[in-house]
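Architecture at a glance
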Amino acid sequence: MQSLEDVAMSIKMNKKIKIIVGNFNLKDGPNDVFDKDTILFLNEISREVLNSSICKKFPDLVSFGFWCRASNIRKLFNNYSFFKNRMGRGTVLHITPSNVPTNFAYSMVFGLLSGNNNIIRLPSKNFLQVEVLCNILKKLSKKRIYKRIINRLLLIKYDNSDLISSELSEIVEARIIWGGDNTVTKFKTFKTKPRCIDLAFANRYSISLIDSNKLGKLNSKNLSSLTKKFYNDTYTMDQFGCSSPNSVFWLGKNKIAKKNFWHELNKIVDNEYNLDLSGANKKISNLMNYTLGKNKVFKANIRNFNLITLKNKKLNFDNFENISFGTFVEIDLNNINHLQKYTSEKLQTITYFGTDFKSIRKFIIKNKIKGIDRIVPIGRAFDLTPEWDGIDIIATLSRTIGI
């Protein structure tokens, strides 16, 4: 079994890896969970983000800044009253997705709060959000008070390399794999320590559930606010996030309310969404492949190329794939129980309006649904919490010292 130093030497010789923050000298873990120094460090990150004029341009960075405030982290800790004699497992390898800029930051926080050292592979795409957050970490690394925390972090970039990934996998006590089915399958082939814990987040899809009758009771201001939240849930990352709804399921019979919803969303899309030529080509390709692959005839409503809705009365859960770039499948439901045939273990999140958590939870239990791990109001699709895909990340990445 190689050591971290052996892997570092191997990688340095190959020169195929770029260290963005930290170094391979990870020797401070494992630690207590919710370590007070870690909470202070995260609160400092929050201050830097919320005081940054650049960060204010990115809603996902602002959300992260609010989320990692000390007050919020302490609220999270209150959910872990069952934690006794708890500490980290050692070192965690984080394989973060290439299409969600701030995912690495939340994953990093989970690794720190669970008391671990962390090796984090950053997205291959050059997101400005990633650069800004890494610059904040570099700035804090110069402060003596945070040196111990920085010594628990190694943020790296490298092109797809089975050699590097396998060598890193062999030396850690846990892995978080966010990359989808193919990435999860690939990493499962790599040798790991016998007691290595894997948290694998494979491909999922998500939907919105809206009661049109309740929607019709909104005034123009509240309708605009709701559609803006829906826009943030979907268009912010071109619907690539697994928690970003790809379909809208309608309860109720208010056709005018539905029409007004799409009309309001279309206005926001016109003003705020820019789809480049590459994205447009992918959207056309995805639409063609989807309709041909499902062998279905869809009724398409093209309000503009950036907002397309598709309808077909004979769909089931096998037909829900992420076409992305502002494309939504529409389904009318007589009641919530008719949602059953559109669900599977791949259904992750339901964002909702006009119904409530208890009603959807009751539906899940009554129909013994395997999927649906999150139920949140519209506007909170990207709220990353320690409970993700039905797994408590912090609890899983830590261990109890029995007495």
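Only a predicted model underlies this, so the values are computations on that prediction, with no experimental measurement involved.

To continue, consider the pattern of salt bridges. Counted by the stated rule, this structure contains 16 salt bridges. Measuring nitrogen to oxygen at the nearest pair gives 3.0 Å for the salt bridge that ties R148 to D37. One end of the pair, R148, is in helix 7 (residues 147-150); the other, D37, is in helix 2 (residues 36-50), with 111 residues separating them in the sequence. The network of salt bridges with shared partners includes D35, D37 and R148.

It is worth spelling out the confidence of the model for the chain at this point. The pLDDT averaged across the chain works out to 89; a share of 96% of its residues lies at or above 70. When pLDDT is averaged over each element of the chain, helix 10 (residues 212-215) comes out on top at 97 and helix 1 (residues 4-14) at the bottom at 62.

In terms of backbone geometry, most residues other than glycine have negative phi values and most peptide bonds are trans. Despite not being glycine, F34 shows a phi value in the positive range, around 50°. When its relative accessible area of 7% is taken as the criterion, F34 is described as buried. Residues other than glycine seldom take positive phi values, yet F325 does so here, at roughly 60°. With respect to the helices, strands and loops of the structure, F325 is situated in the loop between strand 11 (307-311) and strand 12 (327-332).

Definitions and limits used
Residues numbered from 1 in each chain as written. Predicted model: local features only at pLDDT ≥ 70, side-chain atom pairs only at ≥ 80, totals over all residues. Heavy atoms only, no water. Salt bridge = Lys/Arg side-chain N within 4 Å of Asp/Glu carboxyl O. Helix = DSSP H or I, 4+ residues; strand = E, 2+ residues; numbered from the N terminus. pLDDT = per-residue confidence, 0-100. Buried < 20%, exposed > 50% of the residue type's maximum accessible area, 1.4 Å probe, protein only.

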